[in-house]
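Listed here are the chains, written in short residue letters.
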Amino acid sequence: MKTIPLLDSESNSARYDGIISTISRFRGRAPVNELTRRFESILEVNPWITSTLKTQGNDEFFCEYEDVINDISPWFELYDINDLLQGDKSVDKLVEMISLGEDRELMDKLYILPTEDCIDTDAQLIKFCLIEDKDKKEFAIIFSMNHIISDGTSYYNLLNSLSFDEDIIPFNFERKLDFTRIGREKNEIPTNGMKAKERYGFIKKVDLELVDKIKNGTNLLSKGEWVSTHDVISSLFFNSVKSDMSIYPVNARPHINYLSDVDVGNYIKPIIIAKEGEVKPQDVRHSINKFKQDPGNNESCLNINMVEDDMKSKAVITSWVQSYQELSFGSECSYVSHSPLQPIYLYGQALNELDHVAVLFCYNSSTWMLTGLTSDTSWLKDNGLFLKE
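Residues numbered from 1 in each chain as written. Predicted model: local features only at pLDDT ≥ 70, side-chain atom pairs only at ≥ 80, totals over all residues. Heavy atoms only, no water.

### Overview of the pairing of strand β4 (residues 60-65)
Of the pairings in the sheet, the one linking strand β1 (residues 2-5) to β4 comprises four bridges and is antiparallel in character. Each residue of the ladder has a partner; that of Thr-3, found in β4, is Glu-64. Sheet topology note: the strand β3 (residues 52-56)/β4 ladder contains five bridges and is antiparallel. Residue pairing across strands places Gln-56 opposite Glu-60, the latter belonging to β4. (Pairing = 2+ DSSP bridges. Helix = DSSP H or I, 4+ residues; strand = E, 2+ residues; numbered from the N terminus.)

### With respect to a negative patch on the surface
Together, Glu-276, Glu-308, Asp-309 and Asp-310 give the surface a local cluster of negative charge. Residue position: Glu-308 is located in the loop between β11 (302-304) and β12 (314-319). Exposure remark for Glu-308: the relative accessible area of 67% places this residue in the exposed category. (Patch = residues over 30% accessible without salt bridge, like charges linked within 9 Å, V, L, I, M, F, W, Y side chains within 5 Å. Areas by Shrake-Rupley, 256 points an atom, 1.4 Å probe, with all protein chains shown as cover. Salt bridge = Lys/Arg side-chain N within 4 Å of Asp/Glu carboxyl O. Lys, Arg positive; Asp, Glu negative; His and termini not counted. Charge placed at Lys NZ, Arg CZ, Asp CG, Glu CD. Buried < 20%, exposed > 50% of the residue type's maximum accessible area, 1.4 Å probe, protein only.)

### A short note on the pattern of salt bridges
A full pass over the atoms with the stated rule returns 16 salt bridges. Measuring nitrogen to oxygen at the nearest pair gives 3.7 Å for the salt bridge that ties Lys-93 to Glu-96. Here the residue Lys-93 and the residue Glu-96 both occupy positions in helix α4 (residues 91-100), the gap between them amounting to three residues, near one helical turn. With relative accessibility at 24%, the residue Lys-93 sits in the partly exposed group. With a relative accessible area of 41%, Glu-96 lands in the partly exposed category. We note a salt bridge from Arg-104 to Asp-108, for which the minimum N-O separation is 3.0 Å.

### A closer look at the packing of aromatic side chains
The tally for this structure, following the rule as stated, stands at 20 aromatic pairs. Ring geometry for Tyr-155 versus Trp-320: centroids 6.4 Å apart, planes at 25 degrees, classification stacked. Placement of the pair is Tyr-155 in helix α6 (residues 152-160) and Trp-320 in the loop between β12 and β13 (333-340), with a sequence separation of 165 residues. On the numbers, 6.4 Å between centres and 70 degrees between planes, the contact of Tyr-324 with Tyr-335 is edge-to-face. You can see Tyr-324 sitting in the loop between β12 and β13 and its partner Tyr-335 sitting in strand β13, a full eleven residues away along the chain. Members of the aromatic cluster, each reached through a chain of ring pairs, are Phe-39, Phe-76, Phe-128, Phe-143, Tyr-155, Tyr-156 and Trp-320. (Phe/Tyr/Trp six-rings, centres within 6.5 Å; stacked < 30°, edge-to-face > 60°.)

### With respect to the sheet that holds strand β10 (residues 268-274)
Strand pairing in a sheet takes place through backbone hydrogen bonds and is either antiparallel or parallel in direction. Spatial strand order, β8-β15-β14-β12-β9-β10-β11: seven strands in an open sheet with mixed pairing. A strand with exactly one partner marks an edge of an open sheet, and here the two such strands are β8 (200-205) and β11. Across the sheet, the axes of successive neighbouring strands diverge by a mean angle of 20 degrees, strand direction being ignored. Summarising the sheet, strand β14 (residues 356-364) and strand β15 (residues 367-374) pair through eight bridges and their orientation is antiparallel. By the bridge assignment for β15, Ala-358 is matched with Gly-372. Contacting β9 (245-251), β12, β14 and β15, helix α8 (residues 229-241) runs over the sheet at an angle of about 155 degrees to β12. (Axes fitted to C-alpha atoms, helices over the stretch in contact; angles between N-to-C directions. Contact = heavy atoms within 4.5 Å.)

Have a look at this one:
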């Protein structure tokens, strides 16, 4: 039995961040046997996938797993859509039910449990589910992972390793314990001050033509730092929701020399911008460049020009675009789409602290979308950031 201590920031912050989960959809025959064998190979070199969550002492978390796994079924499940649903037996109907959080028994089949239900139990922290509709010749893969053991980079590294054109490699699950980030102190539970506010889900297509026009115009006039597509989208989002505190998580692996892309864990640094007036794309770029100059120093993540009492609304946008790739499963099926998908009860307690949370992702190779939860939907109407529906 191996034990791996988690980062302090994982025990104190990531434990409240819920899960990361997506659905990838395909047309054609599901290559069940090939995918099963591939997952067995992935598991053989990455037995940490079977980790369970344990505590010791003062709420310090660690993961525990066996080196040899004889049965992959708890982490890789196969379902026929006809056995899951009644009435309308389709992947579209399943997606609708998940979005509404209907049928908790079904959700527990397809997803891992909330973090609090995993502590000191044998509950999985990772689960792949392949759901096949043989009549319509389509299938989907739902992959859920507890945020306490992974950020988006680790998540997509594991998801992408399913692709038949990818090498199967071992990822490093042992934590680099020197890593720190801005977050909660030990035993500090997320506030419930925002709990009374209702959140509304949204999903919108991003107008990339407009974003490119703003980016090119900004860079044409720039005498210093050039802005990226992500900088523009983040700026438009923060200004749309009128957040006092704007948060943009950055993958720290490329910037800290002891970290590598194969390191599994929550190696993210939250860039925080708090200022009066609008957040320009240049503000986002400047804050990221400031972090890059001294990535080991958490103070480099702070760009605060307001008193704390004036920071009443908070918004966060995270991007999964850089990690995206189309999964390839051979010639008998074709890729359709990819998107975040999970029942709302799996979002995590940290949501109570945020007014607006958004994920930027690739629906397919040509379409970027923004999805999330918001306490005020008025900014979504006639917003130039999005394509007209």
